[in-house]
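What follows is the residue order along each chain.
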Amino acid sequence: MFTYSAVIYDGKKQNLVRYDCGTDTEFSSYLESRFGCHVCLWSNKELSETTMAAIAASRVQSKKDGLDKTEAL
């Protein structure tokens, strides 16, 4: 899951948009449904907070289980 951010110009004003979804296509569909005709001035894609929390929890569990060997690297 990713958090997409974009600055969209809809012909009248600029809008800062944030949306959580899994793919670029999903984000494009969301923008199209919300704004119709628009210009994307800037966009960014980053892991969502939910995904980051899941990764952190997995690392904690791996350390507890003695499976995390990343510290040796």
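Residues numbered from 1 in each chain as written. Predicted model: local features only at pLDDT ≥ 70, side-chain atom pairs only at ≥ 80, totals over all residues. Heavy atoms only, no water.

Asks: So what's going on with the nonpolar core? Which residues, and what values?
Replies: One finds Tyr4, Ala6, Ile8, Val17, Cys21, Phe27, Tyr30, Leu31 and Phe35 forming the largest nonpolar core, which totals nine residues. Taken together, the elements giving at least two residues each to this core come down to strand 1 (2-9), strand 2 (14-21) and helix 1 (24-35). At four residues, the largest contribution of residues to this core is made by helix 1. Phe35 has contacts with Ile8, Asp10, Asn15 and Val17, leaving out every residue within four places of it along the chain. (Core = buried A, V, L, I, M, F, W, Y, C linked by side-chain atoms within 4.5 Å. Buried < 20%, exposed > 50% of the residue type's maximum accessible area, 1.4 Å probe, protein only. Helix = DSSP H or I, 4+ residues; strand = E, 2+ residues; numbered from the N terminus. Contact = heavy atoms within 4.5 Å.)

Asks: An account of the sheet that holds strand 1 is requested, with residue identities and associated values reported.
Replies: Spatially, three strands are ordered 2-1-3 in an open sheet, and the strand pairing comes out antiparallel. Looking along the sheet, the strands with just one partner apiece sit at the ends: strand 2 and strand 3 (39-47). In this sheet, adjacent strand axes meet at a mean angle of 15 degrees when their direction is disregarded. In the sheet, strand 1 pairs with strand 2 via eight bridges, with the strands oriented antiparallel. Among the inter-strand pairings, Ser5 is bridged to a residue of strand 2, identified as Arg18. Along the sheet, helix 1 contacts strand 1, strand 2 and strand 3; its crossing angle with strand 2, the most-contacted strand, is approximately 135 degrees. (Pairing = 2+ DSSP bridges. Axes fitted to C-alpha atoms, helices over the stretch in contact; angles between N-to-C directions.)

Asks: Please provide a residue-by-residue account of the packing of aromatic side chains, values included.
Replies: Each aromatic ring pair is specified by the distance between its two centres and by the angle formed by the two planes. Inspection of every chain in the model, using the stated rule, returns three aromatic pairs. Their ring planes at 15 degrees and their centres at 4.8 Å tell us that Tyr4 and Phe27 sit as a pair that is stacked. Residue Tyr4 is located in strand 1, and its partner Phe27 is located in helix 1; the two are separated by 23 residues in the primary sequence. Taken together, the ring pairs in this structure connect Phe2, Tyr4 and Phe27 into an aromatic cluster. (Phe/Tyr/Trp six-rings, centres within 6.5 Å; stacked < 30°, edge-to-face > 60°.)

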